[in-house]
Amino acid sequence: MKNRLRLLRAERDWSQAELAERLGVSRQTVNAIETGKYDPSLPLAFALARLFEQRIEELFQPDDTPVVRNP
Amino acid sequence: MNSRAVTPAPSRRSLVLSFLVPAAFVLAYFAARAGIEEVEPGSAIALALALFPVPFFALLIYAYVRAVRGMDELGRRMQLEALAFAFPIAVLVVFTVGLLDLAGFHGTHDWDLPRLWPLMLLPYWAGLALAQRRYA
């Protein structure tokens, strides 16, 4: 799963530790999500979306976007 | 949905559960072992000594479960992966030692279960290190 977390965090000038504290998770968790090594649970994804005032699908995109065929 | 705003600082209670409880169990275990070697095998006192560490281990399980519940979701995932790695290895060790015993290879007390079980922590630590590396 790709995500825009690092970009959005940089725009707000937050460190990983600051974001982690706001979410109530460890800095390692924030780093693992940003680097795509860990996909967050739905509650955490909603918390991220709420924090960055984005929709979940604006924050996270699947690695292989499905090909839309013409009908 | 449950999302905490701030990661709580470790309380004195959690520190006690993290350090004192494991230390108490280790002390109880080695005290029981030392005591058992001094009393008559099969006696009531030997039975009492053999069961002496059980409540300490129960407390250890409580402390571990509490610690895992206090972790965030990635911490819990890493604990699960460490245990998923360690548990089958522990089962493998137990049944292999049991089969070796049945096969008549029970002469060496260096490799019996009471001496072997502390080594079962090694796969857990290895699994935890692998999980830490995976998500680092």
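Everything below is about the structure shown above.
Note that the structure is a prediction, hence the values are computed from the model and not measured.

Procedures and definitions
Residues numbered from 1 in each chain as written. Chains lettered and ligands numbered in written order. Predicted model: local features only at pLDDT ≥ 70, side-chain atom pairs only at ≥ 80, totals over all residues. Heavy atoms only, no water. Axes fitted to C-alpha atoms, helices over the stretch in contact; angles between N-to-C directions. Helix = DSSP H or I, 4+ residues; strand = E, 2+ residues; numbered from the N terminus. Parallel < 35°, antiparallel > 145°, perpendicular 65-115°, else oblique. Contact = heavy atoms within 4.5 Å. Buried area = accessible area lost by both parts, 1.4 Å probe. Salt bridge = Lys/Arg side-chain N within 4 Å of Asp/Glu carboxyl O. Polar contact = N/O pair within 3.5 Å; in protein donor to acceptor, adjacent residues only side chain to side chain. Nonpolar A, V, L, I, M, F, W, Y, C, P; charged D, E, K, R; others polar. Buried < 20%, exposed > 50% of the residue type's maximum accessible area, 1.4 Å probe, protein only. Phe/Tyr/Trp six-rings, centres within 6.5 Å; stacked < 30°, edge-to-face > 60°. Expected span 1.5 Å × (residues − 1). Arc of directions from axis to C-beta.

### Thoughts on the packing of helix α2 (residues 16–23) of chain A against helix α3 (residues 27–34) of chain A
Residue and element names in this part refer to chain A. Relative orientation of the contacting elements α2 and α3 amounts to 110°, with a least axis distance of 8 Å. Between α2 and α3, the interaxial angle falls into the category roughly perpendicular. From α2, Gln16, Ala17, Leu19, Ala20 and Leu23 reach across to α3, where they touch Arg27, Val30, Asn31 and Glu34.

### Focus on the interface of chain A and chain B
Listed by partner, the interface residues are 20 residues for chain A and 15 residues for chain B. For the chain A and chain B pair, buried surface summed over both sides reaches about 1,400 Å², with 47% attributable to carbon and sulfur atoms. Looking at the side of chain A facing chain B, the largest losses of area belong to Gln28, Lys37 and Tyr38 of chain A, adding up to 40% of the total buried there. Viewed at the interface, chain B and chain A are joined by zero salt bridges. Applying the counting criterion to the chain A and chain B interface returns six residue pairs in polar contact (both at pLDDT 80 or more). Elements that contribute at least two residues to the side of chain A that touches chain B include exactly α2, α3 and α4 (42–51) of chain A. Sorting elements by how many residues they give to the side of chain A that touches chain B places α4 of chain A first, with five residues. Here the residues of the side of chain A that touches chain B are counted per class, giving ten nonpolar, six polar and four charged.

### Here's the deal with unusual backbone geometry
Residues and elements named next belong to chain A. Positive phi, normally seen in glycine, also occurs at Asp13, with a value near 60°. With respect to the helices, strands and loops of the structure, Asp13 is situated in the loop between α1 (5–11) and α2. Of note, Glu53 is a non-glycine position whose phi angle comes to about 55°, a positive value. Counting through the fold element by element, Glu53 comes out in the loop between α4 and α5 (56–59).

### What about the environment of Ala131 of chain B?
Residues and elements named next belong to chain B. Tracing the backbone through its elements, the reader meets Ala131 in helix α6 (residues 121–135). Among the residues examined, Ala131 registers a relative accessible area of 2% and is labelled buried. Separated by 50 residues in sequence, Ala131 and Glu81 have C-alpha atoms that sit 6.6 Å apart. Once you skip the residues sitting within four places of it in the chain, Ala131 turns out to touch Met78 and Glu81.

### Some thoughts on the packing of aromatic side chains
Residues and elements named next belong to chain B. Overall, the coordinates contain seven aromatic pairs over all chains when judged by the stated rule. Look at Tyr64 and Tyr124: their rings are 6.4 Å apart centre to centre, the planes differ by 80°, and that puts the pair in the edge-to-face class. One end of the pair, Tyr64, is in helix α3 (residues 54–69); the other, Tyr124, is in helix α6, with 60 residues separating them in the sequence. Aromatic rings pair up to connect Phe25, Tyr29, Phe30 and Phe57 into one cluster.

### Some words on α6 of chain B
With 15 residues, α6 of chain B ought to run about 21 Å at 1.5 Å a step, and its terminal C-alpha atoms sit 21 Å apart, in line with that. Residues Pro123, Tyr124, Gly127, Leu128, Ala131 and Tyr135 of chain B constitute the buried set of α6 of chain B. Along the axis of α6 of chain B, the buried residues cluster in a sector spanning 140°; they form a single face. Contacts made by the buried residues of α6 of chain B are with α3 of chain A together with α3 and α4 (73–102) of chain B.

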